[in-house]
Amino acid sequence: MIVAGFGFSTRASTASLRDALEKCDTAVDAVATLADKAEALRPLAVELGLPMIAVTGALPETPTQSEHSLAERGVGSVAEACALAAAGAGAYLRGTRVISDDRLATCAIAQGGN
């Protein structure tokens, strides 16, 4: 499974999220974000006809280390961590996160390891 993980500001719109995903230029099987942000991602999931995964629990380490993300969520990149967690055991990132033009959303793609 290929999962697009998202991290985003409360000010991010569906257009912000879509822009970040489009910059990844990869077809995905599902979208994911932290459980407390899932409702804000739902419109994009519905628009794309994709399942949405609400990530809970401990998040994996990420190659990107954003000071803001570390301070707010205790992880270097919410987008990368959510993509990895949602893609399952053995998942790997297909690249580091990308940032929407308005800088309100990030997206990372993970490939499931199974």
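Look above for the structure.
What this report covers is the structure whose coordinates are included nearby. The structure presented is a predicted model; accordingly, all values stated were derived computationally and were not measured.

**Section: the pairing of strand 6 (residues 105-111)**
The side chains of a regular strand alternate, residue by residue, between the two faces of the sheet.
Step number 1: Within strand 6, seven of the seven residues are buried, which leaves the element mostly enclosed by the surrounding structure.
Step number 2: Of the two faces of strand 6, the one lined by Ala105, Cys107, Ile109 and Gln111 and the one lined by Thr106, Ala108 and Ala110 are each fully buried.
Step number 3: Bridge count for strand 1 (residues 2-8) against strand 6 is seven bridges, and the pairing is antiparallel. What sits directly across from Phe6, in strand 6, is Cys107.
Step number 4: Where strand 5 (residues 98-99) meets strand 6, two bridges bridge the pair, whose relative direction is antiparallel. Looking at the pairing, Val98 lines up with Cys107 of strand 6.
Step number 5: The antiparallel hairpin formed by strand 5 and strand 6 contains five residues in its connecting segment, where Arg103 sits at a positive phi of about 65 degrees.

**Notes on the nonpolar core**
Step number 1: Among the nonpolar cores identified, the biggest contains 20 residues, and Ala4, Phe6, Leu41, Cys107 and Ile109 are the most heavily contacted of them.
Step number 2: Elements represented by at least two residues in this core include exactly strand 1, helix 1 (14-24), helix 2 (38-48) and strand 6.
Step number 3: Ignoring any residue separated from it by four or fewer positions in sequence, one finds Phe6 in contact with Leu17, Leu21, Val31, Ala32, Thr33, Leu41, Leu44, Val78, Ala79, Cys82, Thr106 and Cys107.
Step number 4: Membership of the second largest hydrophobic core comes to 17 residues, among which are Val3, Leu34, Ala81 and Ala87.

Cut-offs applied
Residues numbered from 1 in each chain as written. Predicted model: local features only at pLDDT ≥ 70, side-chain atom pairs only at ≥ 80, totals over all residues. Heavy atoms only, no water. Buried < 20%, exposed > 50% of the residue type's maximum accessible area, 1.4 Å probe, protein only. Helix = DSSP H or I, 4+ residues; strand = E, 2+ residues; numbered from the N terminus. Pairing = 2+ DSSP bridges. Core = buried A, V, L, I, M, F, W, Y, C linked by side-chain atoms within 4.5 Å. Contact = heavy atoms within 4.5 Å.

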